[in-house]
Amino acid sequence: MVVERFSQNVINSGIFRLYIATGFFATLIFFVINADLYTPLEMIFGIIGVTIVLKGLSNMMLSLIILLFNLDNKRKELDYKYNEEKINAMMAELGVQDAQTSGTKAT
């Protein structure tokens, strides 16, 4: 669940869309500047090809980020919270037992 939330945050941040859009417009500008060297069909295929390659690279970068994401700190934090809840539950139960024993001693 932690990795899914992290990857959704990365995807929703728009950094990969910005990366792809920058590459798309850079390729578009390249072909417009060099319009006398390429036919319109070559330009279209070039722009589409570069955009597909950049999308693939961004997916590979996302998978690499997820692969290298260290979960040890998160696991320690979750273990601490779990143990804290168990200790609090035990303390509450001990308090109830103490109140019951002190109530029976008073009568």
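Further up the page is the structure itself.
The rules behind these values
- Residues numbered from 1 in each chain as written.
- Predicted model: local features only at pLDDT ≥ 70, side-chain atom pairs only at ≥ 80, totals over all residues.
- Heavy atoms only, no water.
- Helix = DSSP H or I, 4+ residues; strand = E, 2+ residues; numbered from the N terminus.
- Rg over C-alpha atoms; globule rule 2.2 N^0.38 Å.
- Contact = heavy atoms within 4.5 Å.
- Areas by Shrake-Rupley, 256 points an atom, 1.4 Å probe, with all protein chains shown as cover.
- Lys, Arg positive; Asp, Glu negative; His and termini not counted.
- Charge placed at Lys NZ, Arg CZ, Asp CG, Glu CD.
- Buried < 20%, exposed > 50% of the residue type's maximum accessible area, 1.4 Å probe, protein only.
- Patch = residues over 30% accessible without salt bridge, like charges linked within 9 Å, V, L, I, M, F, W, Y side chains within 5 Å.
- Salt bridge = Lys/Arg side-chain N within 4 Å of Asp/Glu carboxyl O.

K.L.:
What is the right way to look at the overall build of the protein chain in this model?
P.N.:
What the protein chain contains, in helices and strands, is 4 helices and 0 strands. Tracing the protein chain from N to C terminus, the helices and strands come up as α-α-α-α. In terms of overall dimensions, the protein chain is more spread out than a globule: its C-alpha atoms have a radius of gyration of 29 Å, far above the 13 Å expected for 107 residues. C-alpha extents for the protein chain along the principal axes are approximately 105 × 20 × 15 Å. Taking all contacts inside the protein chain whose residues are at least 6 apart in sequence as the whole, residues at least 24 apart take part in 66%. Per element, the accessible surface of the protein chain, about 8,600 Å² overall, is 68% carbon and sulfur. Averaging the coordinates of the 9 positive side-chain charges in the protein chain and doing the same for the 10 negative ones gives two points 4 Å apart.

K.L.:
Got a minute to help me understand the environment of Val-32 in this structure?
P.N.:
Following the sequence through the fold, Val-32 ends up in helix 2 (residues 15-33). Overall, Val-32 belongs to the exposed group, its relative accessible area being 55%.

K.L.:
Mind showing me how you'd approach a nonpolar patch on the surface here?
P.N.:
There is a patch of nonpolar side chains on the surface, built from Tyr-19, Val-53, Leu-57, Met-60 and Met-61 and spanning about 440 Å² of accessible area. Of all the elements, helix 3 (residues 40-68) adds the most residues to the nonpolar patch, at 4 residues. Following the sequence through the fold, Met-60 ends up in helix 3.

K.L.:
Got a minute to help me understand the side chain of Ser-58 in this structure?
P.N.:
When you line up the elements, Ser-58 lands in helix 3. Beyond its immediate chain neighbours, meaning those up to four positions away, Ser-58 contacts Phe-16, Tyr-19 and Ile-20.

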